[in-house]
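The lines below spell out each chain.
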Amino acid sequence: MVDWFTVLITSIPWATIVSLIVYFFKNPEKAEKWYSILARILSYVSERSELAHVASDIQADINLSAKNINAGATEYVMPHGIKIEWAGETTREAFISDNDVVVRMRYHKNQAKNFLYAILGYVEEGMFPPARPHINEVVLKATQYHVARKIMTQRNRHSSLQIFYDEIYEPEKTTEPLLETYFKIIDSIDKDKLFEPVLLREFSDLGLEMIDRSPSKNVKNETKDFVHFLHAIAIKESGVDVPTTFARNKISVGIFLIGRAETYLTYGIEPYIHKIKEKHKEGINTLYLCARGPQLISAAKSIAIHLEKIGMFKKVGEFQQKTAFYERKNKAIIRIAMKSS
Amino acid sequence: MLSKKYEMRAVHDYRLDEFLENIGLLEALEKGELRCSICGCRVDRDNFQCAYSFEGQIEVCCDKLECFRGALSRRKTKVG
């Protein structure tokens, strides 16, 4: 007689199931995405599934992107994930005393709009909360919009993005022309891969430093000037010199562009170390080593190790990415953040 | 993994009327007496976007995204 139970047990792909469980445990946002897909199928017959789909679909995408952005900067840029909490039974008095706010979510056919309201609410409150009062208002708004746009693009939320352009960005840029200027500036900074690893990191660090201080015009101006400083580097042509040190009261940064592979191949890292020592004398707090292409990426890593060894700087972050093939000949870039020891 | 969460409280269209009834705004909405706290336009079922507590009152805003942003900037951050 066939022991059907044994056949059943042995035919289950346990290794696959265990691997999936471990994978979803390590990547809860991806598990939530699958849950949202399942809930969507059931949403036509169940109200609970409709609610589950609307919430989990938004949460999964935003939390996944927030994690990606943090990975390129620091965990303090997006310190919180998002959770859609359905308002239960309440009373007028409880609503007022809880200082509550409740946002309407439409049926999932209007999920593009739901997503947009959620992402705007999220960046408005969830992006480096301690830094917000200290950043120039237009720079902050342009940064928020850029992050919102980046998340919508990453998650293929094209309908939400279209509503964003039509209903927010286009009308606002006519009443606030500087918004368009800074939106474009930040876009250039991002194209040169200085957005997450440098700009967001510095804003986040500023928030941590200023956590119990009152906002000041000087610091706000500093944030604005810092954006212009990075922009000049981002758009600079090869062979053109622009300032690479921004040593101010609260933001004190040196950008070290590691260029000329032949220098590295002929002389090693010594010429770069010499220049960095000079930069260090200018009193910068954070040094960013920037390189493009495999040879110079290798140089950047060696320089970082050497600077740690001599106790001048301590490595606090590394951002490495392959850029789009059409952008440059050298397809990979690296940004290494180092704090002065 | 992002351990803490920014909690966005929400109401789904399924339970909108029940929610508005609970906070005492349904009648005003049906009579056309609700106004957006930001732009001042009339708020009905189609364009209602959010309700929030402000200085001991309940305010609402319409579904214009600029009004929504304006309403959010007046609220207190809730992190759970």
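Our subject is the structure that appears above.
Computed from a prediction, not measured in an experiment: that's the story for all the values here.

> Which parts of the structure should I look at to understand the interface of chain B and chain A?
Accessible area lost on assembly of the parts is the figure often given for the size of an interface. If you look at the interface, chain B gives 46 residues, while chain A gives 54 residues. Ionic pairing is found between Asp100 of chain A and Arg9 of chain B, a salt bridge with its closest N-O pair at 2.6 Å. Applying the counting criterion to the chain B and chain A interface returns 28 residue pairs in polar contact (both at pLDDT 80 or more). Elements represented by at least two residues in the side of chain B that touches chain A include exactly β1 (4-12), α1 (16-22), β2 (48-54), β3 (57-62) and α3 (65-74) of chain B.

> Just checking my understanding: could you explain the environment of Asp241 of chain A for this structure?
Residue and element names in this part refer to chain A. Relative to the helices and strands, Asp241 resides in the loop between α11 (217-234) and β3 (245-247). For Asp241, a relative accessible area of 76% translates into the label exposed. Considering only alpha carbons, one finds Asp241 and Ile58, 183 residues apart in sequence, at a separation of 44 Å.

> What am I meant to see in helix α8 (residues 158-175) of chain A here?
Residues and elements named next belong to chain A. Look at α8: 25 Å from first C-alpha to last across 18 residues, which is about the 26 Å you get at 1.5 Å a residue. Along α8, the sharpest change in direction is near 40° and occurs at Tyr165. Where α8 is concerned, the buried positions are Ser160, Leu161, Ile163, Phe164, Ile168, Tyr169, Glu172 and Lys173.

> How should I be thinking about the packing of helix α10 (residues 195-209) of chain A against α11 of chain A in this particular structure?
A pair of packed helices can be characterised by two numbers: the angle between their axes and the separation between those axes. Residue and element names in this part refer to chain A. Two elements in contact, α10 and α11, have axes separated by 11 Å at closest approach and are oriented at 165°. Judged by the inter-axis angle, α10 sits roughly antiparallel to α11. When you trace α10 past α11, the crossing you get is right-handed. Where α10 approaches α11, its residues Val198, Leu199, Glu202, Phe203 and Leu206 are matched on the opposing element by Val219, Thr223, Phe226, Val227 and Leu230.

> So what exactly am I meant to see when it comes to the environment of Pro171 of chain A here?
Residue and element names in this part refer to chain A. Tracing the chain through its elements places Pro171 in helix α8. Placed 96 residues apart in sequence, Pro171 and Glu75 show a C-alpha to C-alpha distance of 33 Å. Contacts of Pro171, omitting those with residues within four sequence positions, involve Tyr165 and Asp166.

> Quick question: what am I supposed to make of the pairing of β2 of chain B here?
The buried fraction of β2 of chain B amounts to 7 of the 7 residues, a majority that puts the element mostly inside the structure. Pairing between strand β2 (residues 101-105) of chain A and β2 of chain B: 3 bridges, direction antiparallel. Residue pairing across strands places Val102 of chain A opposite Ala51 of chain B, the latter belonging to β2 of chain B. Here β2 of chain B runs beside β3 of chain B; their pairing, made up of 6 bridges, is antiparallel. Across the sheet, residue Cys50 of chain B finds its bridge partner in β3 of chain B, namely Cys61 of chain B.

> I'm lost on the packing of helix α6 (residues 111-126) of chain A against helix α7 (residues 137-154) of chain A in this one. Help?
Residue and element names in this part refer to chain A. Where α6 contacts α7, the axes come no closer than 10 Å and their chain directions differ by 135°. As summarised for this structure, α6 and α7 are arranged oblique, according to the angle between their axes. Here the hand of the crossing between α6 and α7 comes out right-handed. Along its contact with α6, which presents Phe115, Leu116, Ile119, Leu120, Val123 and Glu124, the element α7 presents Gln144, Tyr145, Val147, Ala148, Ile151 and Met152. Of the residues in the contact of α6 with α7, the class split is 10 nonpolar, 1 polar and 1 charged.

> It is not clear to me how the sheet that holds β1 of chain B should be interpreted in this structure. Could you clarify?
Backbone hydrogen bonds are what pair the strands of a sheet, in a parallel or an antiparallel way. Taken together, 5 strands build an open sheet; the order of strands is β1(A)-β1(B)-β2(A)-β2(B)-β3(B) and the sheet is mixed. Only two strands of the sheet have a single partner each, and these edge strands are β1 (80-86) of chain A together with β3 of chain B. Averaged over neighbouring strand pairs, the angle between their axes works out to 30° when direction is ignored. Sheet topology places β2 of chain A next to β1 of chain B; 3 bridges connect them, and they run parallel. Bridging from a neighbouring strand, Arg104 of chain A pairs with Val11 of chain B of β1 of chain B. Docked against the sheet, helix α4 (residues 47-72) of chain A engages β1 and β2 of chain A together with β1 of chain B, running at close to 170° with respect to β1 of chain A. Relative to β1 of chain B, α6 of chain A is tilted by about 145°, and along the sheet it contacts β1 and β2 of chain A together with β1 and β2 of chain B.

> I keep staring at the nonpolar core and nothing clicks. Help me out?
Nonpolar side chains tend to gather and get buried jointly when the protein is soluble and globular. Counting residues in each nonpolar core, the largest one holds 97 residues, and the members touching the most others are Met105, Tyr122, Phe128, Phe164, Phe226 and Ile255 of chain A together with Phe19 of chain B. It is α7 of chain A that provides the largest number of residues to this core, a total of 9 residues. If you look at the next biggest cluster of nonpolar residues, it comprises 25 residues, including Ile269, Leu296, Ile297 and Met312 of chain A.

> Looking at this structure, how should I read the environment of Asp63 of chain B?
Counting through the fold element by element, Asp63 of chain B comes out in the loop between β3 and α3. Since its relative accessible area comes to 18%, Asp63 of chain B is described here as buried. It is 5.1 Å that separates the C-alpha atoms of Asp63 of chain B and Asn47 of chain B, two residues lying 16 residues apart in sequence. Non-local contacts of Asp63 of chain B, meaning those with residues more than four positions away in its chain, are made with Arg106, Lys113 and Tyr117 of chain A together with Asp46, Asn47 and Gln49 of chain B.

> I keep staring at the packing of aromatic side chains and nothing clicks. Help me out?
The description of two aromatic rings rests on the distance between their centres and on the angle between their planes. With the rule as written, the count across this model stands at 15 aromatic pairs over all chains. Geometrically, the ring pair formed by Tyr122 of chain A and Tyr6 of chain B is tilted, given 6.2 Å between the ring centres and 40° between the ring planes. In this pair, Tyr122 of chain A is assigned in helix α6 and Tyr6 of chain B in strand β1, connecting two distinct chains. Given the relative accessible area of 1%, Tyr6 of chain B is considered buried. By way of ring pairs, the aromatic residues Tyr145, Phe164, Tyr165, Tyr169 and Phe183 of chain A are connected into one cluster. Over the ring of Phe115 of chain A we find Arg157 of chain A, and its NZ or CZ is 4.1 Å from the ring centre.

> Looking at this structure, I do not really get the sheet that holds strand β6 (residues 313-322) of chain A. What am I missing?
All names here are of chain A. With respect to topology, 5 strands assemble into an open sheet ordered β3-β4-β5-β7-β6, the strand pairing being mixed. Either end of the sheet is taken by a strand with one partner, and the two such strands are β3 and β6. Ignoring strand direction, the axes of neighbouring strands in this sheet form an average angle of 15°. In this structure, β3 lies alongside strand β4 (residues 252-257), joined through 3 bridges in antiparallel fashion. The residue bridging Ala247 from the neighbouring strand is Ser252, located in β4. Those strands touched by α10 are β4, β5 (286-292), β6 and β7 (332-340), and its axis lies near 165° from that of β5. Strand contacts of helix α13 (residues 270-281): β3, β4, β5, β6 and β7, with the helix running at about 165° to β4, the strand carrying the most contacts.

Criteria and thresholds
- Residues numbered from 1 in each chain as written.
- Chains lettered and ligands numbered in written order.
- Predicted model: local features only at pLDDT ≥ 70, side-chain atom pairs only at ≥ 80, totals over all residues.
- Heavy atoms only, no water.
- Contact = heavy atoms within 4.5 Å.
- Salt bridge = Lys/Arg side-chain N within 4 Å of Asp/Glu carboxyl O.
- Polar contact = N/O pair within 3.5 Å; in protein donor to acceptor, adjacent residues only side chain to side chain.
- Helix = DSSP H or I, 4+ residues; strand = E, 2+ residues; numbered from the N terminus.
- Buried < 20%, exposed > 50% of the residue type's maximum accessible area, 1.4 Å probe, protein only.
- Expected span 1.5 Å × (residues − 1).
- Bend = angle between axes of the 7 residues up to and from the residue.
- Axes fitted to C-alpha atoms, helices over the stretch in contact; angles between N-to-C directions.
- Parallel < 35°, antiparallel > 145°, perpendicular 65-115°, else oblique.
- Left-handed = near helix turned anticlockwise from the far one by under 90°.
- Pairing = 2+ DSSP bridges.
- Nonpolar A, V, L, I, M, F, W, Y, C, P; charged D, E, K, R; others polar.
- Core = buried A, V, L, I, M, F, W, Y, C linked by side-chain atoms within 4.5 Å.
- Phe/Tyr/Trp six-rings, centres within 6.5 Å; stacked < 30°, edge-to-face > 60°.
- Lys NZ or Arg CZ within 6 Å of the ring centre and 35° of its normal.

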